[in-house]
Structure formats: C-alpha cells, structure tokens
Amino acid sequence: MIVQKVLNHNAAIVVDENEEKVAIGSGIAFKKKKHDYINPDHIEKLFVLPEEQSDPFTHLLESAENWETGLIQNVIFWIEKEYELQLDSHSYALLFDHFIHLMKRLHHGTHLVNHLLQEIQTLYPDSFHIAERAAAKLSEESGFSISQDETGFLAMHLYAAGQKRTSPKRVRQHTEILNSMVSVMEEDLNTIFPRRTMAYEGLISHLHVTVKAAELNETLTKAPAEMIEMMREKYPASYHAAEKAVAVLQKEQGLSIPNDESVYIAMHIQRLLSRTE
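Residues numbered from 1 in each chain as written. Predicted model: local features only at pLDDT ≥ 70, side-chain atom pairs only at ≥ 80, totals over all residues. Heavy atoms only, no water.

### Brief notes about the packing of helix H2 (residues 66–82) against helix H3 (residues 89–108)
Basically, it comes down to this: Axes, fitted as lines to C-alpha atoms, cover a helix only where it is in contact. Angles between the N-to-C directions of the axes lie from 0 to 180 degrees. Each helix is a run of H or I in the DSSP string that is no shorter than four residues. Each strand is a run of E no shorter than two, and both are numbered from the N terminus. For classification purposes, an angle smaller than 35 degrees is called roughly parallel, one larger than 145 roughly antiparallel, one from 65 to 115 roughly perpendicular, and anything else oblique. Two helices cross in a left-handed way if the nearer one is turned anticlockwise from the farther one by less than a right angle. They cross in a right-handed way if the turn is clockwise. By the convention used here, residues are in contact when the closest approach between their heavy atoms is within 4.5 Å.
Two numbers describe how H2 lies on H3: the axes approach to 10 Å, and their chain directions differ by 130 degrees. In terms of their interaxial angle, H2 and H3 are classed as oblique. Like other packed secondary-structure pairs, H2 and H3 cross with a definite hand, here right-handed. Here H2 contributes Trp67, Glu68, Thr69, Leu71, Ile72, Gln73, Val75, Ile76 and Ile79 to the contact with H3, which in turn contributes Tyr92, Leu95, Phe96, Phe99, Ile100, Met103 and His107.

Okay, structure coming up:
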C-alpha cells in the first residue's frame, strides 16, 4: 500500500485499490513519507470513513501525540480481542475519538461528573465491566488514574459499539431520558430514591423497556382495570408521580406511552418508597 499522507507514527492515509483509506498499526508510518510503501501485514486497521467523519478523525490523529495513539490502539485492540468484538469503521473512529479526548482531560486534570453513572451501571452492566478493565489497562500503561465517572462514559461508547443502528450520542440521550423521568418523580414526591439497590435497578430497567418500546413504536402490555384502581386508591402519591413522569416524557420527547403504564412504574416507585420509610 502506498502512503498518501502520514498522520503520525501509527497512522497514515494510504491508497488501496485506487481508494484512499485510513491505515492504523503500531509504528507503520514511522519515518515514512508520501509515496512510500507500507506492508499490509503490519496494518491492524484499514477502513474508509464517511466524508463528514474522515476530516475530523484524520485531524485528530495528526494532532495527537504518537505515544497516545499507540497506547489507544493497543487498548482498543485488547478490547476487540478479549471480548471478541469486531468494531466497524464508524464505531472504531468514535471510540478512538473518545479515548483521545479522555487523555486530554487526564493531562489537564479535568474531571467530568457523570450524573448518569448509576443508570449506566444498571442498564449496561457488561459494557461497564469491559470499561472498568479497559480503564485499568489504560491507567496502568499511562500512569493516570481514571475515575468511575469516566468509566461510565466509556461504557456507553462500548455499548453503542456493540449495537446496530445506534451511536454513543443516542445511548446517552436515551439514558438522559430515564434520568429525567426519575428526577420528575423524586421532585413530585419530595424525596431521593436510594441508589445501589435492587429496587432502584428494577425501576430503571422498567423505564428502559418502556422508553425503548415507545421509541420503536412497540405495543406494551395493558394493565388490568382493577390493578389501576387499586394503585390509585392505595398508593395515590406513587401513582401521581408516575403519571407526571409519563406526561413529561410525552410532552418533551413526543413519545407515545399508554397512560396505564403508570401503574407498573408506580409499583416500582412504591417498592422504593417502602425502603425509605
């Protein structure tokens, strides 16, 4: 393959089958210049990016330190191998981009607070586990300490990378919706739900299914009339908080959710409230 442009020691734009591609591999572009040859056997990743993604990604590779890109490539390669993931070009570029900006924050001592951390741990436990191990590996090789907040952000990227027809941005938006619904319910009840409990995980998991079904226009199971009446009479505060959260979701997100879904949400709320009494 012929070098078209060197991006850093570990990446270059090459011409392959009359098409420009981004080639990544440990030291593949070291001391290379335009029109030099790169042995394809030394290339770890070779891909074509959409035009709107290509320029920002190649600029990112150019601006990053060589040791950083090498370290990040090693960590992503480890993730793919250890968990048998096959990242497509788009997912690889987004994950690489996230790691680069993470390294910049670590260099500058910038700490991001992840207010979705508990929801992320509940909704994406497998991805969070991978993120914890990847963060430990990155920390060991870079010397930086990586917080649980940053691990949570990484977990969302890893979850999105393993899904079809989604992105880290969409995963975050979905998780933000659930967090917003919880905030509405807590404000209505003038309480703070206890996190790190099975009851809270149950609520978040149910909201996840409910919102996902609404996003995909799937039909949810209707609640029996007697159950609706019982919840209204016996647990009016929990039922009202659930109704308010559903109403806010419908108004702000434009998602259609049956009103009787409030019954199932109220049951989870009541379970949480019984732990605080």
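So that's the structure; there's more coming.
### Focus on the pairing of strand E3 (residues 19–24)
In plain terms, the rule: Note on pairing: two strands pair once DSSP finds at least 2 bridges between them.
As defined by bridge partners, strand E2 (residues 11–16) adjoins E3 across six bridges and the pair is classed as antiparallel. Residue pairing across strands places valine 15 opposite glutamate 20, the latter belonging to E3. Counted between consecutive antiparallel strands, the loop separating E2 from E3 contains two residues, among which glutamate 17 sits at a positive phi close to 55 degrees.

### Some words on the side chain of serine 142
So the rule is basically this: Whenever a nitrogen or oxygen atom comes within 3.5 Å of another N or O atom, the pair is scored as a polar contact, on the condition that within protein one atom can donate a hydrogen and the other can accept it, and that pairs from neighbouring residues in sequence are kept only if both atoms are in side chains.
Looking at where serine 142 falls in the secondary structure, it is placed in helix H5 (residues 125–142). Here the side chain of serine 142 touches leucine 138 through a polar contact of 2.7 Å, landing on its backbone oxygen. If near-sequence neighbours (up to four positions away) are discounted, serine 142 is found in contact with Trp67, Leu71 and Met103.

### Examining the confidence of the model for the chain
In regions of low pLDDT, the predicted coordinates are not meant to be interpreted in detail. This is how the line gets drawn: You can read pLDDT as the predictor saying how much it trusts each residue, on a scale of 0 to 100.
Of the residues in the chain, 98% reach a pLDDT of 70 or more, and the chain-wide mean stands at 90. No element of the chain has a lower mean pLDDT than helix H1 (residues 51–63), which averages 77, and none a higher one than H5, which averages 96.

### Here we look at the pattern of salt bridges
Our working rule: The rule for a salt bridge is simple: a side-chain nitrogen of Lys or Arg has to be within 4 Å of a carboxyl oxygen of Asp or Glu.
Per the stated rule, a full pass over the model turns up 11 salt bridges. The closest approach of N and O atoms between lysine 33 and aspartate 36, which form a salt bridge, is 3.8 Å. The residue arginine 170 makes a salt bridge to glutamate 215 at a minimum N-O spacing of 2.5 Å. In this pair, arginine 170 sits in helix H7 (residues 168–189) while glutamate 215 sits in helix H8 (residues 198–215), placing the two residues 45 residues apart along the sequence.

### Examining the side chain of aspartate 149
Looking at the secondary structure, you find aspartate 149 in helix H6 (residues 148–161). Setting aside residues no more than four positions away along its own chain, aspartate 149 makes contact with His111, Leu112, Val113, Asn114 and Leu117.

### A short note on the nonpolar core
Convention followed: Among the buried residues, those of types Ala, Val, Leu, Ile, Met, Phe, Trp, Tyr and Cys that are joined through side-chain atoms within 4.5 Å form a nonpolar core. Categorising residues by exposure relies on relative accessible area from a 1.4 Å probe, with only protein chains included: less than 20% of the type maximum marks a residue as buried, more than 50% marks it as exposed, and the intermediate range marks it as partly exposed.
In this structure, Phe57, Phe99, Met181, Met185, Phe193, Ile265 and Ile269 are the most contacted members of the largest nonpolar core, which totals 80 residues. For this core, the element with the highest residue contribution is H3, accounting for nine residues. Among the nonpolar cores identified, the runner-up in size contains nine residues, and Ala12, Val14, Ala29 and Ile43 belong to it.

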